[in-house]
Amino acid sequence: MSRVSLQGQVAVVTGAARGVGELLARKLSARGAKVALVGLEPDELKRVAARLHTEAESWYADVTDHAAMARVAGEVKERFGKVDIVVANAGVASGGPFVDSDPDAWRRVIEVNLIGGAVTARAFLPVLMESRGYFLQIASLAAITPAPMMTAYCASKSGVEAFAHSLRAEVGYKGVRVGVGYLSWTDTDMVRGADQDEVMRELRSRLPWPSNRTYPLGPAVDRIVAGIERRSSHVYAQWWLRGMQSVRGYLPGVIGAVGAREMRRFEPRLKGVGRGLVGAGGAADEEARGTLPTPPLP
């Protein structure tokens, strides 16, 4: 599909304070788009907005809050006059054995990644219908293949993939195109936070190539921007992810067998692994909800 110029278009990016969201906002702005940044870190969002090349403004909102996101959608439309592109990028992650996982952290991953994507779509679909715009839901390699120690993240990303595919069939006749963005391990605060745990880092290193690599952020976001310009149904941030679609039906069986072997190997070291959200974004989410753990007494 031919590319659509982003000059003068209005793009909304959730989770825009850091990582994929921040760089995506910068690259969209560099191509002429006006950008609305949404997230839970107001100071960081303002910093990002101030550095953009085009008109930009930031909104503090939790993507799981229906009322807040509806307000943001109305204010973005009032500020910029329209909305052409919405990227549901906000996400958090946790890791570790499900049986020992923190129930609140596990649920929060589902809420932000899956429910947050749906709430974002619900809020912005009316204005996207007016502009015959584009909604991009950021998913993950975790939507294509299961992985032990990542039950919440895989469930949430599989869910948003299915949601976006279903939504595409509903709103296509109204002129709204819907895409799913897939990323493997990309150099962000979230991935670096997960790698701080020795067991999680070692488990990931044992994945088969090329899924055991951490990929640079810049080229990944360039591919996402190209997908937005094409209004693509599927956007692959790393070249090899497209090929995973053809083998995904075999992956649960393979991962089930190999994963069981690896979990047996690591079992003596699993105690205490992955008790909360990972990375700076996870910490910001916990702080915004007032659930940061109390520091231990000296």
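Everything here concerns the structure above.
Thresholds applied
- Residues numbered from 1 in each chain as written.
- Predicted model: local features only at pLDDT ≥ 70, side-chain atom pairs only at ≥ 80, totals over all residues.
- Heavy atoms only, no water.
- Helix = DSSP H or I, 4+ residues; strand = E, 2+ residues; numbered from the N terminus.
- Expected span 1.5 Å × (residues − 1).
- Buried < 20%, exposed > 50% of the residue type's maximum accessible area, 1.4 Å probe, protein only.
- Contact = heavy atoms within 4.5 Å.
- Pairing = 2+ DSSP bridges.
- Axes fitted to C-alpha atoms, helices over the stretch in contact; angles between N-to-C directions.
- Arc of directions from axis to C-beta.
- 1 Å grid on protein atoms, 1.4 Å probe; cavity = no way out; pocket = protein on both sides within 12 Å on 5 of 7 lines; lining within 4 Å.
- Points joined across faces, edges and corners; volume = space filled by probe spheres on them.
- Nonpolar A, V, L, I, M, F, W, Y, C, P; charged D, E, K, R; others polar.

Visitor: Residues and numbers for helix 1 (residues 19-30), please.
Guide: Here helix 1 contains twelve residues, and its C-alpha end-to-end distance of 17 Å stays within 8% of the 16 Å for a straight helix at 1.5 Å per residue. The buried fraction of helix 1 is high, at ten of twelve residues. Taken together, the buried positions of helix 1 are Gly19, Val20, Gly21, Glu22, Leu23, Leu24, Ala25, Lys27, Leu28 and Ser29. Contacts made by the buried residues of helix 1 are with strand 1 (10-14), strand 2 (34-39), helix 2 (42-50), strand 4 (85-88) and helix 8 (217-230). Once helix 1 finishes, glycine 32 follows within two positions and takes phi at roughly 100 degrees, a positive value.

Visitor: Outline the sheet that holds strand 2, listing residues and values.
Guide: With respect to topology, seven strands assemble into an open sheet ordered 3-2-1-4-5-6-7, the strand pairing being parallel. Edge strands, defined here as strands with exactly one partner in the open sheet, are strand 3 (56-60) and strand 7 (234-236). Adjacent strand axes in the sheet meet at a mean angle of 20 degrees, parallel and antiparallel pairs treated alike.

Visitor: If you had to explain helix 2 to someone new, which residues and values would you point to?
Guide: Looking only at helix 2, the buried set comprises Leu45, Val48 and Ala49. Along helix 2, the residues classed as buried sweep out an arc of 100 degrees about the axis, all on the same side. Of the exposed residues in helix 2, the ones pointing more than 90 degrees away from its buried face are Asp43, Lys46 and Ala50. Considering only its buried residues, helix 2 is in contact with helix 1, strand 2 and strand 3.

Visitor: Can you lay out the layout of surface pockets for me, pointing to particular residues and giving the numbers?
Guide: Considered as a void within the structure, the second largest pocket measures approximately 160 Å³ in volume. As for the second largest pocket, its lining consists of Arg223, Ala226, Gly227, Arg230, Ser232, His234, Val235, Tyr236, Gln238, Trp239 and Arg242. Every element with two or more residues in the lining of the second largest pocket is listed here: helix 8 and strand 7. Here the lining of the second largest pocket gets four residues from one element, more than from any other, and that element is helix 8. Here the residues of the lining of the second largest pocket sort into four nonpolar, four polar and three charged.

Spatial relationships are all this shows, so hold off on functional conclusions.
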